[in-house]
Amino acid sequence: MKAFDYAVARNPAGLAAALKAGYTLQAGGIDLIDLLKTGVEPSDRIVSMAALDEYRQIEVTKDDLRIGALVTLQTLAEDESVRTHAPLVAAVAGSTASAQVRARATLGGNCLQRPRCGYFRSAAFMCLKKGGHQCFAWEGENALHSIFGGGPCRITHPSSLAPVLVALQATFQADNGSEATAYAADDFFRNTDQNLSQEHNLASDQWLTSVHIPLTAQQAGHVEIKPRAHYDWPEASCAAVRTAAGWRIVLGHVAPLPWRARQAEAWLGDRTLQDPAEAREAAALAVADAEPMRDNGYRVRLAQAAVRRALLQAGGHPAEGLT
Amino acid sequence: MSDLKLQVNGKWVELDVPQSRYLAEVLRYDLGLTGTKIGCNESECGICSVLVNGTPVNSCIYPAFKAQGAAIITIEGLEQDGRLHPLQQAFLDHGAVQCGFCTPGLIMTAKALLDEKAAAKQPVTEHDIKVALKDTYCRCTGYQSVINAILQASGQDVKPYIPKTKAPCQTIGHALPNPDSLAKITGRAMYTDDFVFPGMLYARTKRAGVPHARIRHIETAEAAALPGVRAVLTHADVPGRQNHGLVTVDWPVLCSDKVRYAGDAVAVVAADSEEIAAAALELIKVDYETLPVVDDPIQAGQPDAPIVHEERPDGNLLKHIKVRKGDMAAGFAAADVVVERTYRTPMTEQMFLEPECSIGVPRGYDPTAFGGTIDPAAQRGVQYRHDKTTIYCGTQIPYLDREQTAAALNVPPEQVRIVAALMGGGFGGKEDIAAQIHVALLAERTGRPVKMLYTRAESLLFHPKRHATIIRIKTGAKRDGRLTAVEAELYGDGGAYASLSEKVMTRATTHASGPYDVPHVKVDCYAMYTNNTPCGAFRGFGVTQSCFAVESNMDLVARELGLDPIAFRRINALDVGGTTCTGQVMRESVGLQECIAGVEADMRAHHTALGEAFRWSWSEGRKHYAWGIGIGYKNTGLGGGAPDKASAIVETGVTDGQVWAEVRTSSAEMGQGLPAVLAACAAEELGLPYGQVRVLLGDTDHCPDGGPTTASRQTYVSGNAARHAARTLRARLQQVVADHFGQPVEQWSFADGQFSANGTRAGLVEAIEWAQASGQPTWEEYEYWAPKTQPLGTGGDMHVAFGFGAQAALVEVDDDTGAIKVLKIVGAHDVGRAINPLTLEGQIEGGIIMCLGNALTEHFINEQGQAWTDVMARYKMPSIKHTPEIISRIIEHQTADGPYGAKGIGELSSIPTTPAIVNAIANAVGVRFCSVPVDQDALLLAWKAGETECLCGWGYEH
């Protein structure tokens, strides 16, 4: 068992100091410990932010719903204001992982968890993402890898909440102890051709403090496809949200970041999906530019089904999608 | 080190522990609360679940300091004033505890659910249970008993699910909990890693990491110099035999000249702590000349293939196994229809939840020398002075561990003692030597106890798996449905060492024409060496693979002939008077027709209950439904001419006026319920209440040899040994009583625990006391020999008995995603006689769920000899969410020599499941899968492309 120092930050200043000193941040501790045990995360100094209760608040303003980064998935699933103002977020949080994990996993941790790629997670493979020279997925076991976003690394983003937050146009609030920064939904996650070593835009001294979700959704639907009805990471998901500005259709688990189906969004324009056939058309467009590899072509079909079902749900025809 | 303050089970404790300690470690190793188990160490299996301030957490990844000041409840905290918690009682009642290793995790997770529901004043539903426990694995039960137990504990009136069986005797035939279940549900049960000996060291193994290489040099000086390291051993430190092996002695204790798979052991280290031992591994430098890798059994047979064992005469061929019956040309000439396909099955993993652990204790070890104490009454354990090299471990074959360890130590076997601890599952994966020899060597070198606990990654990398196979099978039949000929060719990937490949692939071969009376059969099987992880025993022992191929082909032939799949099977099913492909004429105990009829009745009953006619397949919207059937058989016992015997001792005594009996044999319990069988046999013969019989297993100094726990043989052989020992002892006691009264023994009889003759009576208490007073032993050892069998190729009885089974699966396939759900399994199994219907049903349900995984999810992936499946999360096995409704029928065609007519069930229940599910999928969507696990993604693509057969998965070119 790898030994490490375990510090608990008592206030944001303490957390900032620890991060500057090279400590690795822990929120719920689900993903980090896993990476530590398998030797993928080299850190031997961990700072827990679990004692910073200011990041556990949930607040509703006239414009948005503000959820602290340390709110657990269990709370997200149960909290009345989340259920009322962001029902998609509550539903996804409630269906993620196990009771043991939901009790500890946080909103921030869910968004910032590392990819589940088997090569990345195995100490036996020095892959591109870990500083090696090769992404093994291109030629190897690639059934669970990306169909959108190109390379050089073919991970899929593991978060179930992130696609929903991006579809809802949430802003991601960060801090470093002296300065707060707000990242727009479309500027928070990044693709592997922009940065290989991390999947988001936070600087090394920053942490996520909260997520603000505007109360502008007029129609919304979300579908996750877990073909074996159990295993934690869905093979495709889609969050579809319509505001006055039009549709945002965001695919999860099929690209290195929450993936916007822009062609489908553009085609839908301001249609309200009175006709179920529109959902089929949009779904086909959503996967038109997919680039599957040898073993993951099935994900194109799953992604298409997810988009169709999410749109039908948003359009008020959920039964059409489910039968 | 820092101060940690916790309230554990109501008591405050303060500890000084490193900051990197996890809660599970603090509970187990610092507080001695070993009821909390660690299965995967990566929050995958859920069995380490404890409650922190009422919330269930995976304690293996929960830093202890995160729980600073919190209230923790563990399994040990559930009993109140000596009374079991309702969940504990319910798990006992329903037989929901088998090997017991996951039980604390299941119970703690269920407790959180029950507490939450009680607080909300809501009833608990089956759905709630499936959601709450979906990430808490159990590998022994089929979860049905777990669900029922939790429902009962929530206050609902749910009875244990026990199929109808023959009228019970006094004890035989009654549903009774395993004698060790109470210890398991309270957290008191001791598995190997639960022992902490005073002065104990911790060991780790340096593994090859490369699949095939010549060793140029091993440098250990730097590791040996690391402070805290007590010993570093290589091949040069093995005083005796350099290799071990169950059949062929080809597996190096520590590699010297080359490594043949990535899991090969090159050096072992013992140190003051596991951390130091792990650090020392990094300092051992091995200079390798890497060699080309062979990772496919067919490629292994090619002339240019890299050779795994250069010293062998036949290249990579481990064994060519043949079955010949009749005249193939005549058989196929007589056929109206011939179907030929090639099937593929991948390596699969036993995934017992307890990783391998061994503790070696040196000869002359005195715990008081390390601050420990001695208990004069102890016969083993941490307060016992050890007079010989002793190994504590979970093992399926204690006496062969002893023999192999002694050979490596270069001492007679009697100078080594194996003490079997409870085993957290085995399923065949704990038959080969793991670290037993290593810890013995390290203990003798350092003079201290040495523990070697494998990490899950190491366990996955190291131990033998189920063979990957390629099976070409050609089946011929006449228009009237009679099979005329079966020809098959099998390749089995044996991996780097022989393990049990020869035996496993022989079973695959001799079962390759199925449980049918086929006049002409020819089977050739090639077990091959490769640089993959060795393959060996795994529940089903080769028959899992060949049954899948046979039964898939049977459905294809039935379709060609236009026959109903069930009718077609019934025309050909073995019956008394039939002949197997090895030439064995069945004289008795063939309940196969009844099994098939029972399954058909239950399939029909499903539709009758819905008020509709039976149908094989139908669709509702985007969902497609169908039934599929599979039938199978499995030998009981070693067979093939191997001497098959087991010995047991039954001892009786009187304590405080009450008679007790103890059964002792080395045979292993790994969750299958053997102690219940042995105790029932002794209780029946001695007329004792079941609860007054104790069972001691696996201590080679106290238990006679019960032989390997494999081949579904223990109920038959050890059950018989216990039964005959008890019977012989009873006869002696009868003689004692007759002598006491000065009457001829023939006039005495025994019933209901009493001897009687001519109105005179004597109880067991008196009989035992009179025996003791007259200096006669009150124990008996019996060596039971199973009827003689014939080697393959010589005809005659190759096996003493076969278990038979039929299963049907009802599946649902989603049009949009290819997602497959198994909704229901109906099964009927001929077990000869149900000795204990409770533990029997556990074996049946567990076997079914395990092979639901084999059909749909399980695949141990090797890439070029490197294990890609190196964490539990990368091996998909069924969870409680996959559990279908299971309807079970017990068929009892007794076998003459079995105890009370019983034969084996351990493997049988898992065998027909795979083809039943795959056949159901073919019936539902029209796509036949010739490989498992059925790749739902490939299914979707093939189906949408209009294909009718799908050749993909392991072994296929992409």
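You'll find the structure just up there.
All figures in this text were calculated on a predicted structure; none of them were measured in a lab.

A.B. asks: Describe the sheet that holds strand 29 (residues 754-757) of chain B, and please don't skip the residues or the numbers.
C.D. replies: All names here are of chain B. Read from one edge to the other, the open sheet built from three strands follows the order 28-29-30, with strand pairing classed as antiparallel. Each edge of the open sheet is held by one strand with a lone partner, namely strand 28 (749-751) and strand 30 (760-763). Taking each pair of neighbouring strands and ignoring which way they run, the sheet shows an average axis angle of 30°. Taken together, the three bridges between strand 28 and strand 29 define a ladder with antiparallel strand orientation. Bridge pairing links Phe750 to Phe755 in strand 29. On top of the sheet, helix 19 (residues 764-773) reaches strand 28, strand 29 and strand 30; it is set at about 75° to strand 30, its chief contact.

A.B. asks: Quick one: what's the story with the environment of Ala496 of chain B, residue by residue and with numbers?
C.D. replies: Residues and elements named next belong to chain B. By the element assignment, Ala496 lies in the loop between strand 21 (483-493) and helix 13 (501-510). The exposure class assigned to Ala496 is buried, which follows from its relative accessible area of 0%. Sequence-wise, Ala496 and His212 are 284 residues apart; in three dimensions their C-alpha atoms are separated by 9.4 Å. For Ala496, the contacting residues outside a window of four places in its chain are Arg260, Tyr261, Val308, His309, Tyr529, Thr530, Asn532, Thr533 and Pro534.

A.B. asks: Residues and numbers for empty space enclosed by the protein, please.
C.D. replies: Residues and elements named next belong to chain B. Evaluated as defined, the whole model comprises twelve cavities of 30 Å³ or more. Within this model, the largest cavity holds a volume of roughly 530 Å³. Forming the boundary of the largest cavity are 37 residues, of which Gln672, Ser712, Gln843, Ile905 and Gly906 lie nearest the centre. For the lining of the largest cavity, the elements supplying multiple residues, two or more each, are helix 17 (674-686), helix 18 (714-741) and helix 20 (837-856). A breakdown of the residues in the lining of the largest cavity according to their chemical character gives 15 nonpolar, 16 polar and six charged. Here the lining of the largest cavity spans two domains, since at least three of its residues come from each of domain 2 (592-622 + 804-958) and domain 3 (645-785).

A.B. asks: Outline the packing of helix 2 (residues 86-93) of chain B against helix 5 (residues 144-153) of chain B, listing residues and values.
C.D. replies: Residue and element names in this part refer to chain B. Interhelical geometry of helix 2 versus helix 5 gives an angle of 140° and a closest axis separation of 8 Å. When the interaxial angle is binned, helix 2 and helix 5 end up oblique. At the point where helix 2 passes helix 5, the crossing takes the right-handed sense. Residues Pro86, Leu87, Ala90, Phe91 and Asp93 of helix 2 pack against Val146, Ala149, Ile150, Gln152 and Ala153 of helix 5. Residues of the contact of helix 2 with helix 5, tallied by class, amount to eight nonpolar, one polar and one charged.

A.B. asks: Can you explain the state of the cysteines? Please cite residues and give values.
C.D. replies: Residues and elements named next belong to chain B. One pass over the structure, following the stated rule, counts zero disulfides over all chains. Cys99 takes part in no disulfide bond, and the closest cysteine sulfur, belonging to Cys140, lies 3.8 Å away. Look at Cys99 and you get buried, because its relative accessible area is 6%. Here Cys102 stays unpaired: no disulfide links it, and the sulfur of Cys138, its closest cysteine neighbor, is 3.6 Å away. Using a relative accessible area of 3% as the deciding quantity, one classes Cys102 as buried.

A.B. asks: Give a description of the sheet that holds strand 9 (residues 219-225) of chain A that names residues and reports values.
C.D. replies: Residue and element names in this part refer to chain A. Here four strands make up an open sheet; going across it, the order is 9-10-11-12 and the pairing antiparallel. Edge strands, defined here as strands with exactly one partner in the open sheet, are strand 9 and strand 12 (259-260). Here two bridges tie strand 11 (residues 246-252) to strand 12, and the two strands are oriented antiparallel to one another. Bridging across to strand 12, Leu251 finds its partner in Trp259. Against the sheet, helix 13 (residues 298-314) makes contact with strand 9, strand 10 (236-243) and strand 11, and its axis sits at roughly 150° relative to strand 9, the strand it touches most.

A.B. asks: Quick one: what's the story with the interface of chain B and chain A, residue by residue and with numbers?
C.D. replies: Opposite the 53 residues of chain B that make contact, chain A presents 53 residues. Buried area between chain B and chain A, both sides added, is near 4,500 Å², and the carbon and sulfur share of it is 53%. Area buried by chain B at its contact with chain A is led by Lys66, Trp868 and Asp937 of chain B, which between them contribute 12% of it. At the boundary of chain B and chain A, one finds three salt bridges.

A.B. asks: Explain the nonpolar core residue by residue, including any values.
C.D. replies: All names here are of chain B. By size, the foremost hydrophobic cluster in this structure holds 167 residues, and its most contacted members are Phe91 and Ile917. The two domains that each donate at least three residues to this core are domain 1 (2-160) and domain 2 (592-622 + 804-958). Ignoring sequence-local partners within four residues, the contact set of Ile917 consists of Ala809, Val811, Val822, Ile825, Leu852, Ala855 and Leu856. Core analysis: the second largest hydrophobic core is formed by 53 residues, Trp251, Val253, Leu254 and Ala408 among them.

A.B. asks: Lay out the pattern of salt bridges in plain terms, naming residues and giving numbers.
C.D. replies: Counted according to the given criterion, the structure contains 76 salt bridges over all chains. We note a salt bridge from Asp814 of chain B to Arg309 of chain A, for which the minimum N-O separation is 3.5 Å. Taken together, the positions of Asp814 of chain B in strand 32 (residues 801-814) and Arg309 of chain A in helix 13 put the pair across two chains. Classification of Asp814 of chain B by relative accessible area gives buried; the value is 5%. Residue classification places Arg309 of chain A among the buried positions, given a relative accessible area of 10%. In this structure, Lys623 of chain B and Asp814 of chain B form a salt bridge, with 3.0 Å as the shortest nitrogen-oxygen distance. Residue Lys623 of chain B is found in strand 24 (residues 623-636), and its partner Asp814 of chain B is found in strand 32; the two are separated by 191 residues along the sequence. One network of salt bridges, with partners in common, ties together Arg308 and Arg309 of chain A together with Lys623, Glu812, Asp814, Asp816 and Lys821 of chain B.

A.B. asks: Residues and numbers for the pairing of strand 6 (residues 171-175) of chain A, please.
C.D. replies: Residues and elements named next belong to chain A. Taking burial as the measure, the five residues of strand 6 include four buried ones, the bulk of the element. Two successive antiparallel strands, strand 6 and strand 7 (residues 180-184), enclose a turn made up of four residues, where Gly177 displays a positive phi of approximately 100°. In this structure, strand 6 lies alongside strand 8 (residues 207-214), joined through five bridges in antiparallel fashion. Looking at strand 8, one finds that Phe172 is bridged to Val211.

A.B. asks: Mind laying out unusual backbone geometry, listing which residues take part and the relevant values?
C.D. replies: Residue Pro152 of chain A is bonded to the preceding Gly151 of chain A through a cis peptide linkage, with omega at 5°. Looking at the secondary structure, you find Pro152 of chain A in the loop between helix 8 (118-121) and helix 9 (161-167). Geometrically, the link from Val932 of chain B to Pro933 of chain B is a cis peptide bond, its omega value of -5° lying close to zero. Note on placement: Pro933 of chain B falls in the loop between strand 37 (928-929) and helix 22 (936-944). Positive phi values are uncommon outside glycine, yet Gln169 of chain A reaches one of about 60°. Looking at where Gln169 of chain A falls in the secondary structure, it is placed in the loop between helix 9 and strand 6. Not every positive phi belongs to a glycine, and Lys121 of chain B is a case in point at roughly 55°. In this structure, Lys121 of chain B sits in the loop between helix 3 (103-119) and helix 4 (126-132). The class of Lys121 of chain B is exposed, set by a relative accessible area of 75%.

A.B. asks: Pulling in residues and values, what's your account of the packing of aromatic side chains?
C.D. replies: What the rule picks out here adds up to 33 aromatic pairs over all chains. Relative to Phe125 of chain A, the ring of Tyr119 of chain A lies with its centre 4.9 Å away and its plane at 85°, an arrangement referred to as edge-to-face. The exposure class assigned to Tyr119 of chain A is buried, which follows from its relative accessible area of 2%. Taking 5.6 Å as the distance between ring centres and 80° as the angle between the ring planes, the aromatic pair formed by Phe614 of chain B and Trp616 of chain B counts as edge-to-face. For Phe614 of chain B, a relative accessible area of 23% gives the class partly exposed.

A.B. asks: A description of the environment of Glu444 of chain B should follow, citing residues and the corresponding values.
C.D. replies: Residue and element names in this part refer to chain B. Secondary-structure assignment places Glu444 in helix 11 (residues 436-446). What makes Glu444 partly exposed here is its relative accessible area of 30%. A C-alpha to C-alpha distance of 62 Å links Glu444 and Val925, two positions 481 residues apart in sequence. Contacts of Glu444, omitting those with residues within four sequence positions, involve Val361, Pro362, Arg363 and Thr389. Of note is the side chain of Glu444, whose polar atom sits 2.8 Å from the backbone nitrogen of Arg363. Side-chain polar atoms of Glu444 contact the side chain of Thr389, separated by 2.6 Å.

How each quantity is defined
Residues numbered from 1 in each chain as written. Chains lettered and ligands numbered in written order. Predicted model: local features only at pLDDT ≥ 70, side-chain atom pairs only at ≥ 80, totals over all residues. Heavy atoms only, no water. Pairing = 2+ DSSP bridges. Helix = DSSP H or I, 4+ residues; strand = E, 2+ residues; numbered from the N terminus. Axes fitted to C-alpha atoms, helices over the stretch in contact; angles between N-to-C directions. Contact = heavy atoms within 4.5 Å. Buried < 20%, exposed > 50% of the residue type's maximum accessible area, 1.4 Å probe, protein only. 1 Å grid on protein atoms, 1.4 Å probe; cavity = no way out; pocket = protein on both sides within 12 Å on 5 of 7 lines; lining within 4 Å. Points joined across faces, edges and corners; volume = space filled by probe spheres on them. Nonpolar A, V, L, I, M, F, W, Y, C, P; charged D, E, K, R; others polar. Domains from an automatic or database assignment. Parallel < 35°, antiparallel > 145°, perpendicular 65-115°, else oblique. Left-handed = near helix turned anticlockwise from the far one by under 90°. Disulfide = S-S within 2.5 Å. Buried area = accessible area lost by both parts, 1.4 Å probe. Salt bridge = Lys/Arg side-chain N within 4 Å of Asp/Glu carboxyl O. Core = buried A, V, L, I, M, F, W, Y, C linked by side-chain atoms within 4.5 Å. Phe/Tyr/Trp six-rings, centres within 6.5 Å; stacked < 30°, edge-to-face > 60°. Polar contact = N/O pair within 3.5 Å; in protein donor to acceptor, adjacent residues only side chain to side chain.

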